[in-house]
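Observations on the three-dimensional arrangement
Residues per chain, in single letters:
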Amino acid sequence: MVIKNNINTLLAELQGTHCRLIAVSKTQPVSLIQEAYAAGQRIFGENKAQEMAAKQQELPADIEWHMIGHLQTNKVKYIAPFVALIHSVDSVKLLDEINKQGLRHNRKIKCLLQVYIAREETKFGLDEAEVLDLLNADLATTYPAVEIVGLMGMATFTQNQDQIREEFGQLKKLFDTLKQSTLPANVSMTELSMGMSADYKIALSCGSTLVRIGTAIFGARNYH
Ligand SMILES: *Cc1c(COP(=O)(O)O)cnc(C)c1O
């Protein structure tokens, strides 16, 4: 009941926006995902490839699985047959491997470019120059099995709401600039993935189209 109520509260907040809810189910057991599924939730986010693949096997086929965490190239193969969207593309090397696996499974794999926006030390993400550089290449020829549909970013972990707003605003600005520019054939700017349990309200006001929410649905995670 708690999970269902949490989802309904969030959906009410998303109503009237163009934003969809991703239930971040990492570390959560299949039983709790089933509870969210029974409440109508169909998009789930995981951050570990093997954990996602194991859960996908056990759960209904109409679930949309989103990879939201850092993805190592040697793990792409576990999720390539079914993943709906990879939010965390942060290198050309990873793009290469996703393309290879997409070709192998005869499908186009949708991806977001993860952009580094936080003013703190984080290991992952491209900076704006790298994004522009990447989008300048002939991606449709180089990566025919990849479709880039937007950007993803994570704000600094801080209580400072102004700072979070500024970081999300910066990503939105890049998104809009790219959207208005000429993009390679297999690139579009339709999805802007930003916002987690602590900052999704700010993300929404900054134009997010995908919020990734774990704790506010399932409660605190239990890491073993
Ligand atoms: C875990 C995680 C989330 C969800 O975080 P909550 O604070 O539990 O909502 C969102 N995005 C990414 C990339 C994550 O790793």
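Cut-offs and rules
- Residues numbered from 1 in each chain as written.
- Predicted model: local features only at pLDDT ≥ 70, side-chain atom pairs only at ≥ 80, totals over all residues.
- Heavy atoms only, no water.
- Pairing = 2+ DSSP bridges.
- Helix = DSSP H or I, 4+ residues; strand = E, 2+ residues; numbered from the N terminus.
- Right-handed = clockwise from strand over helix to strand, strands pointing away.
- Buried < 20%, exposed > 50% of the residue type's maximum accessible area, 1.4 Å probe, protein only.
- Near = heavy atom within 4 Å.
- Polar contact = N/O pair within 3.5 Å; in protein donor to acceptor, adjacent residues only side chain to side chain.
- Phe/Tyr/Trp six-rings, centres within 6.5 Å; stacked < 30°, edge-to-face > 60°.
- Lys NZ or Arg CZ within 6 Å of the ring centre and 35° of its normal.
- Expected span 1.5 Å × (residues − 1).
- Arc of directions from axis to C-beta.
- Contact = heavy atoms within 4.5 Å.
- Core = buried A, V, L, I, M, F, W, Y, C linked by side-chain atoms within 4.5 Å.

**Let's talk about the pairing of strand E3 (residues 64-67)**
Taken together, the four bridges between strand E2 (residues 43-46) and E3 define a ladder with parallel strand orientation. The partner of Ile43 across the bridge, within E3, is Glu64. In this fold, the crossover linking E2 to E3 by way of helix H3 (residues 49-58) has right-handed handedness. One ladder, built from two bridges, connects E3 with strand E4 (residues 85-89); its direction is parallel. Looking at E4, one finds that His66 is bridged to Leu85.

**Concerning unusual backbone geometry**
Unusually for a residue other than glycine, Thr27 sits at a positive phi of about 70 degrees. Tracing the chain through its elements places Thr27 in the loop between strand E1 (20-24) and helix H2 (30-38). Phi is positive for Asn106, which is not a glycine, with a value near 55 degrees. Position of Asn106 among the secondary structure elements: in the loop between helix H5 (92-104) and strand E5 (109-115). Using a relative accessible area of 74% as the deciding quantity, one classes Asn106 as exposed.

**Comments concerning the site of the ligand**
Val24, Lys26, Ile68, Met154, Met196, Ser197, Arg212, Ile213, Gly214, Thr215 and Arg221 make up every residue found near the ligand. Measuring from an oxygen atom of the ligand, one finds a side-chain N or O atom of Ser197 at 2.5 Å. Taking Gly214, its main chain carries an N or O atom lying 2.9 Å from an oxygen atom of the ligand.

**A short note on the packing of aromatic side chains**
Within this structure, the stated rule accounts for one aromatic pair. Measuring from centroid to centroid gives 6.0 Å for Phe44 and Trp65, while their planes differ by 40 degrees, and the two rings are tilted. Of this pair, Phe44 sits in strand E2 while Trp65 sits in strand E3, placing them 21 residues apart in sequence. Each of the two residues, Phe44 as well as Trp65, counts as buried. The lysine or arginine in question, Arg42, covers the ring of Tyr37, its NZ or CZ lying 3.5 Å from the ring centre.

**What about helix H1 (residues 2-14)?**
For the α-helix, the turn length of 3.6 residues means that residues three or four positions removed from each other point alike. Its 13 residues give H1 an end-to-end C-alpha distance of 18 Å, which sits within 8% of 18 Å, the value for a rise of 1.5 Å per residue. Those residues of H1 that sit buried are Ile3, Ile7, Leu10 and Leu14. End-on view of H1: buried residues confined to an arc of 65 degrees, all on one side of the axis. Among the exposed residues of H1, those pointing more than 90 degrees away from its buried face are Val2 and Ala12. In the core, the buried residues of H1 are packed alongside E1, H2, helix H9 (200-205), strand E8 (210-213) and helix H10 (215-218). The positive-phi residue at the C-terminal boundary of H1 is Gly16, with phi of around 85 degrees.

**Here's the deal with the nonpolar core**
Taken as a class, soluble globular proteins show a tendency for nonpolar side chains to be buried jointly. With 65 residues, the main nonpolar core has Ile79, Ile86, Ile98, Leu151, Phe168 and Ile217 as its most contacted residues. Beyond its immediate chain neighbours, meaning those up to four positions away, Phe168 contacts Ile117, Gly153, Ala155, Met194, Gly195, Asp199, Ile202, Ala203 and Cys206. Counting residues in hydrophobic clusters, the runner-up holds seven residues, among them Leu85, Leu112, Val149 and Leu210.

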